[in-house]
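Fold and contact review
Here are the chains, one letter per residue:
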Amino acid sequence: MTTNTGNGQSQTAISDLEYDFVTVLHNKAEAVKAYDTYIKDAEQVGSQPCVELFQKLRQSDIEHVQEIRQHLQQVLQHGKM
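From a predicted model like this one, the values you see are computed outputs, not experimental measurements.

**Focus: a nonpolar patch on the surface**
On the surface, Ile 14, Tyr 19 and Val 22 cluster together into a nonpolar patch covering about 230 Å² of accessible area. Here Ile 14 is to be found in the loop between β2 (10–12) and α1 (16–44). The exposure class assigned to Ile 14 is partly exposed, which follows from its relative accessible area of 31%.

Next comes the structure, spelled out in structure tokens:
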């Protein structure tokens, strides 16, 4: 992610790749939060198959979040992907 300093030069706050991982992490975290609502909705209508699928998808996103966080921590500590 770059910003223009106004004098024709650009300044990098974080790399595009770091930004990508932060964005994916944010999106996955939002999805995990949304699945809680979806699970409640499925429970309210008594659809156990839907509850189970939403729970499975939620767990998968939780695992992705953990993997992304670990990778991002390594990147930030070592300065490279």
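Past the structure itself, the notes keep going.
**Regarding the pattern of salt bridges**
One pass over the full model with this rule turns up 2 salt bridges. Ionic pairing is found between Lys 28 and Asp 61, a salt bridge with its closest N-O pair at 2.9 Å. With a gap of 33 residues between them, Lys 28 in helix α1 and Asp 61 in helix α2 (residues 48–78) connect regions that are remote in the sequence. Among the ionic pairs, Asp 36 bridges to Arg 58, the shortest N-O distance being 2.8 Å. Placement of the pair is Asp 36 in helix α1 and Arg 58 in helix α2, with a sequence separation of 22 residues. The partly exposed category is assigned to Arg 58, whose relative accessible area is 25%.

**With respect to α1**
Taking 1.5 Å of rise per residue, the 29 residues of α1 would be expected to cover 42 Å, and the 42 Å separating its terminal C-alpha atoms lies within 8% of that figure. Within α1, the full set of buried residues consists of Glu 18, Leu 25, Val 32, Tyr 35, Ile 39 and Ala 42. Positioned one or two residues after α1, Gly 46 has a phi angle of 75 degrees, which is positive.

Cut-offs applied
Residues numbered from 1 in each chain as written. Predicted model: local features only at pLDDT ≥ 70, side-chain atom pairs only at ≥ 80, totals over all residues. Heavy atoms only, no water. Patch = residues over 30% accessible without salt bridge, like charges linked within 9 Å, V, L, I, M, F, W, Y side chains within 5 Å. Areas by Shrake-Rupley, 256 points an atom, 1.4 Å probe, with all protein chains shown as cover. Salt bridge = Lys/Arg side-chain N within 4 Å of Asp/Glu carboxyl O. Helix = DSSP H or I, 4+ residues; strand = E, 2+ residues; numbered from the N terminus. Buried < 20%, exposed > 50% of the residue type's maximum accessible area, 1.4 Å probe, protein only. Expected span 1.5 Å × (residues − 1).

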